[in-house]
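Summary of the model geometry
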Amino acid sequence: MTADAPYASLTPDLVLDAVSACGLWPDGRLLALNSYENRVWQVGLEDAPPVIAKFYRPGRWSDAAIIEEHAFAQELAEAELPVVAPLAFDGRTLLQHDGFRYALTPRRGGRAPELEAVDQLQWLGRLIARIHVVGARTPFVHRGRLDRDTMVQQPMRAVLASSLLPATLQANYRAAASRLDAAIAARLEAVGPVRQLRLHGDCHPGNVLWTDAGPHFVDLDDARTGPAVQDLWMLANDERAMDAVLEGYRQFRDFDDGELALVPALRAMRQLHYAGWIAARWHDPAFPAAFPFVAESRWWDQHVADLHELADELGAPS
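Residues numbered from 1 in each chain as written. Predicted model: local features only at pLDDT ≥ 70, side-chain atom pairs only at ≥ 80, totals over all residues. Heavy atoms only, no water.

Under an unreviewed UniProt entry, the name given to the protein chain is Stress response kinase A, and the organism recorded is Rhodanobacter lindaniclasticus. Recorded in UniProt under Sequence similarities (unreviewed entry), the annotation for the protein chain is "Belongs to the SrkA/RdoA protein kinase family." Entered under Function (unreviewed entry) in the UniProt record, the comment concerning the protein chain runs "A protein kinase that phosphorylates Ser and Thr residues. Probably acts to suppress the effects of stress linked to accumulation of reactive oxygen species. Probably involved in the extracytoplasmic stress response." (UniProt positions renumbered as here; feature names shortened; annotations may be inferred.)

A word on the nonpolar core
Among soluble globular proteins, nonpolar side chains are generally buried collectively. One finds Tyr 173, Leu 180, Ile 184, Phe 217, Leu 272 and Trp 300 to be the most contacted residues of the largest nonpolar core, which totals 74 residues. Counting residues per element, the ones that place at least two in this core are α2 (63-78), α3 (118-135), α4 (148-160), α5 (170-191), β7 (208-211), α6 (239-249), α7 (263-281) and α9 (297-313). Among the elements that take part in this core, α7 stands out by supplying nine residues, more than any other. Among the domains, domain 1 (12-106) and domain 2 (118-315) are the pair contributing at least three residues each to this core. Discounting chain neighbours no more than four positions away, the residues touching Leu 272 are Met 151, Val 152, Pro 155, Met 156, Tyr 173, Ala 177, Leu 180, Ile 184 and Leu 307. Cys 22, Phe 55, Phe 100 and Leu 104 belong to the second largest nonpolar core, which has 19 residues in total. (Core = buried A, V, L, I, M, F, W, Y, C linked by side-chain atoms within 4.5 Å. Buried < 20%, exposed > 50% of the residue type's maximum accessible area, 1.4 Å probe, protein only. Helix = DSSP H or I, 4+ residues; strand = E, 2+ residues; numbered from the N terminus. Domains from an automatic or database assignment. Contact = heavy atoms within 4.5 Å.)

Considering the domain arrangement of the protein chain
Segmentation of the protein chain into domains returns domain 1 (12-106) and domain 2 (118-315). Tallying the contact residues gives 24 residues for domain 1 and 30 residues for domain 2. In total, about 2300 Å² of surface goes out of reach between domain 1 and domain 2, with carbon and sulfur atoms giving 57% of it. Of all residues in domain 1, Tyr 36, Glu 68 and Phe 72 bury the most surface against domain 2, accounting for 26% of the area lost on that side. (Buried area = accessible area lost by both parts, 1.4 Å probe.)

Things to note about a negative patch on the surface
A contiguous patch of negative charge on the surface is contributed by Glu 116, Asp 238, Glu 239, Asp 243 and Glu 247. Within the secondary structure layout, Glu 116 lies in the loop between β5 (100-106) and α3. Glu 116 gets classed as exposed once you look at its relative accessible area, which sits at 58%. (Patch = residues over 30% accessible without salt bridge, like charges linked within 9 Å, V, L, I, M, F, W, Y side chains within 5 Å. Areas by Shrake-Rupley, 256 points an atom, 1.4 Å probe, with all protein chains shown as cover. Salt bridge = Lys/Arg side-chain N within 4 Å of Asp/Glu carboxyl O. Lys, Arg positive; Asp, Glu negative; His and termini not counted. Charge placed at Lys NZ, Arg CZ, Asp CG, Glu CD.)

Describing the packing of α4 against α7
For any two helices packed against each other, the geometry is given by the interaxial angle and the distance between the axes. Two elements in contact, α4 and α7, have axes whose closest approach is 8 Å; the angle formed by their N-to-C orientations is 45°. In terms of orientation, α4 and α7 fall into the oblique class. For the element pair α4 and α7, the recorded crossing hand is left-handed. On α7, the residues touching Arg 148, Thr 150, Met 151, Val 152, Pro 155, Met 156, Ala 158 and Val 159 of α4 are Met 269, Arg 270, Leu 272, His 273, Ala 275, Gly 276, Ala 279 and Ala 280. A class-by-class count of the residues in the contact of α4 with α7 yields eleven nonpolar, three polar and two charged. (Axes fitted to C-alpha atoms, helices over the stretch in contact; angles between N-to-C directions. Parallel < 35°, antiparallel > 145°, perpendicular 65-115°, else oblique. Left-handed = near helix turned anticlockwise from the far one by under 90°. Nonpolar A, V, L, I, M, F, W, Y, C, P; charged D, E, K, R; others polar.)

Topic: the pattern of salt bridges
Pairs can form between side chains of opposite charge once their charged atoms are near each other. The final tally for this structure, using the stated rule, is 22 salt bridges. The closest approach of N and O atoms between Glu 37 and Arg 57, which form a salt bridge, is 3.8 Å. Residue Glu 37 is found in the loop between β1 (26-32) and β2 (39-45), and its partner Arg 57 is found in the loop between β3 (48-55) and α2; the two are separated by 20 residues along the sequence. On the accessibility criterion, Glu 37 (9% relative accessible area) is buried. In this structure, Asp 284 and Arg 57 form a salt bridge, with 2.6 Å as the shortest nitrogen-oxygen distance. Linking Asp 284 in the loop between α7 and α8 (286-290) with Arg 57 in the loop between β3 and α2, this pair joins segments that are 227 residues apart in sequence. Beyond isolated ion pairs, a larger network of salt bridges with shared partners links Glu 37, Arg 39, Lys 54, Arg 57, Arg 60, Asp 219, Asp 221, Asp 222, Arg 281 and Asp 284.

Description of the sheet that holds β3
With antiparallel pairing, the five strands of this open sheet are ordered in space as β1-β2-β3-β5-β4. Lying at the two open borders of the sheet, with one neighbouring strand each, are β1 and β4 (95-97). Taken pair by pair, the neighbouring strands of this sheet meet at an average axis angle of 35°, ignoring direction. (Pairing = 2+ DSSP bridges.)

Some points on the packing of aromatic side chains
Taken as a whole and judged by the stated rule, the model has 18 aromatic pairs. Centroid distance Tyr 274 to Trp 277: 6.3 Å. Interplanar angle 40°. Geometry classified as tilted. One end of the pair, Tyr 274, and the other, Trp 277, are both in helix α7, three residues apart, so they sit about a helical turn from each other. Overall, the relative accessible area of 32% leaves Tyr 274 in the partly exposed class. For the ring pair Trp 277 and Phe 291, a centre distance of 5.8 Å and an interplane angle of 70° mean the geometry is edge-to-face. Of this pair, Trp 277 sits in helix α7 while Phe 291 sits in the loop between α8 and α9, placing them 14 residues apart in sequence. (Phe/Tyr/Trp six-rings, centres within 6.5 Å; stacked < 30°, edge-to-face > 60°.)

Here it is, written out as structure tokens:
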């Protein structure tokens with residue numbers, strides 16, 4: 001395991017050994033699941049349903065932050081919410097094997113939600129509201145916040161330090177990102193303080209699986225403190241969809257409509273963060289393989305144009 005290739009030594013045999021170390025009996029069937037930040041495997045077991053083994057990226061989260069994520073997932077599960085929580089072995093959910101930190105969870109299948117269906121949007125709104133009722137009980141201590149430093153300024157520094165950004169676009173990128181950052185700051189100030197709570201943090205459709213029994217959420221890896229609307233806007237493609245989500249949400253929890261003005265800023269923060277995330281992870285061989293287009297100058301040309309468009313949407317001066 002090296003800084004340049006953090007998962008180089010994570011072989012299939014090591015995955016099987018890590019699962020065996022928990023007292024389980026792998027049958028040799030392994031399926032690598034789609035994950036770039038961490039490495040995630042489905043592991044078949046003898047005479048038992050498969051489990052999901054998630055190996056955490058070295059250096060991203062502290063042990064305390066991961067344990068806090070696990071505790072939140074367990075708290076939600078104990079409240080009878082359909083959230084996949086990690087399994088405990090001898091009272092521990094964060095496990096270690098051969099230099100890697102990992103966790104095991106039950107395998108829960110499902111299909112993508114139909115975000116055009118009003119009834120499904122309402123159902124998701126009700127579920128997220130119930131998650132937020134639990135999330136508002138106590139604060140996170142170790143997970144960090146959804147803020148400009150994490151979502152804007154750190155990613156900007158990663159991009160500007162990366163060889164991915166063409167030298168000819170350095171000045172253009174800096175100007176566009178700084179303009180957007182100022183617009184985000186102005187929008188946050190205009191909205192003013194909003195209630196902060198523990199969030200899922202990354203409620204995009206890929207983290208919702210639907211079965212005949214309804215939806216369940218997976219992957220709390222980005223759980224952090226922030227405004228309630230962060231867990232809503234990625235599931236609502238337009239005003240009609242947001243209305244449906246909020247109709248369900250309000251059946252279980254009040255919602256401050258003033259938070260809706262944060263959505264353009266949150267969307268902009270996510271786009272800035274995406275480029276910075278790839279730039280910061282480019283040393284991991286999985287990233288050039290998965291995102292080869294980011295090495296092309298035309299991608300950065302379009303990214304700079306997108307940042308200006310987002311700044312325009314937020315009312316930034318030209």
